[in-house]
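# Close look at the chain arrangement
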Amino acid sequence: MKPHLEVVAGILWHDGNYLAVQRPEGAPMAGWWEFPGGKVEQDESRDTALVREFQEELALTPTDFTYWQEREHEYEAFVVHIHFYHIHHYSGELTMVENQQFQWVDPCQSASLDFLPADVGIVESLHSHHHES
């Protein structure tokens, strides 16, 4: 059995665009783009994990967010189970704590960044349903 990772990821909205973050050099799968988030620790709720990861990675505190959907993706070494949230409001000043690259993406444009395989389906939904968000 491959290990299963429970992960939360947030789709952070600002003026109709969403935030994409590039994985920093030295990280596993460096250079790929993803939605900010990370592993859910033992005994931690998913909501708590989402807020903690945003504070650790981006110095932001999500204050209004809704659970959207989950996806499972099998990589070579493990299976990742990602719970995606839409984040509508947050406090704090966006800061790339790990000096990662970031980009605000307009879902009305075609998707051009190389997202992690686990995120591609989510990106496609955002871009095909942008008028509904």
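Before reading further, recall that the structure is shown in the block above.
Residues numbered from 1 in each chain as written. Predicted model: local features only at pLDDT ≥ 70, side-chain atom pairs only at ≥ 80, totals over all residues. Heavy atoms only, no water.

### Some points on the pairing of strand E1 (residues 4-14)
Relative to strand E6 (residues 79-91), E1 runs parallel, the two sharing nine bridges. Bridging from a neighbouring strand, His4 pairs with Val79 of E6. As judged from the three bridges shared by E1 and strand E4 (residues 37-39), these two strands associate in the antiparallel manner. From the neighbouring strand, Val8 faces E4, where its bridge partner is Gly38. Relative to strand E2 (residues 17-22), E1 runs antiparallel, the two being bridged by two bridges. Opposite Trp13, over in E2, you have Tyr18 as the bridge partner. Turn length for the E1-E2 hairpin, with the two strands adjacent in sequence and antiparallel, is two residues, and the turn residue Asp15 shows positive phi of about 50 degrees. (Pairing = 2+ DSSP bridges. Helix = DSSP H or I, 4+ residues; strand = E, 2+ residues; numbered from the N terminus.)

### Side note on unusual backbone geometry
The phi torsion at Ala59 lies on the positive side, around 60 degrees, for a residue other than glycine. Within the fold, Ala59 resides in the loop between helix H1 (46-58) and strand E5 (61-74). Its relative accessible area of 33% is what places Ala59 among the partly exposed residues. Positive phi outside glycine occurs at Asn99, with the angle close to 55 degrees. Checked against the element boundaries, Asn99 lands in the loop between E6 and strand E7 (102-105). (Buried < 20%, exposed > 50% of the residue type's maximum accessible area, 1.4 Å probe, protein only.)

### Describing the packing of aromatic side chains
All chains considered together, the criterion is met by seven aromatic pairs. When the ring of Trp13 is compared with that of Tyr18, the centres are 5.8 Å apart and the planes differ by 75 degrees; the resulting orientation is edge-to-face. The exposure class of Tyr18 is buried, given its relative accessible area of 0%. With centroids separated by 5.1 Å and ring planes inclined at 35 degrees, the aromatic side chains of Phe35 and Phe115 adopt a geometry described as tilted. Here Phe35, found in the loop between strand E3 (33-34) and E4, pairs with Phe115, found in the loop between E7 and helix H2 (120-128); they are 80 residues apart in sequence, far enough to count as distant. Each member of the pair, Phe35 together with Phe115, is buried. Ring pairing ties together the aromatic residues Trp13, Tyr18, Phe35, Phe84 and Phe115, which thus form one cluster. (Phe/Tyr/Trp six-rings, centres within 6.5 Å; stacked < 30°, edge-to-face > 60°.)

### Comments concerning H1
A rise of 1.5 Å per residue sets the reference length of H1, with its 13 residues, at 18 Å; its end C-alpha atoms lie 18 Å apart and thus fit the reference within 8%. Among the residues of H1, Ala49, Leu50, Val51, Arg52, Glu53, Phe54, Glu57 and Leu58 are the ones counted as buried. Contacts from the buried residues of H1 go to E1, E2, E4, E5 and E6. (Expected span 1.5 Å × (residues − 1). Contact = heavy atoms within 4.5 Å.)

### Structural notes on the layout of surface pockets
Of the voids in this model, the largest pocket is the one considered here, and its volume is about 620 Å³. Taken together, 28 residues line the largest pocket, and the ones lying closest to its centre are Val7, Arg23, Glu34, Gly38 and Leu116. Of all the secondary-structure elements, those providing two or more residues to the lining of the largest pocket are E1, E2, E4, H1 and E6. Of the residues belonging to the lining of the largest pocket, the class tally is 16 nonpolar, four polar and eight charged. (1 Å grid on protein atoms, 1.4 Å probe; cavity = no way out; pocket = protein on both sides within 12 Å on 5 of 7 lines; lining within 4 Å. Points joined across faces, edges and corners; volume = space filled by probe spheres on them. Nonpolar A, V, L, I, M, F, W, Y, C, P; charged D, E, K, R; others polar.)

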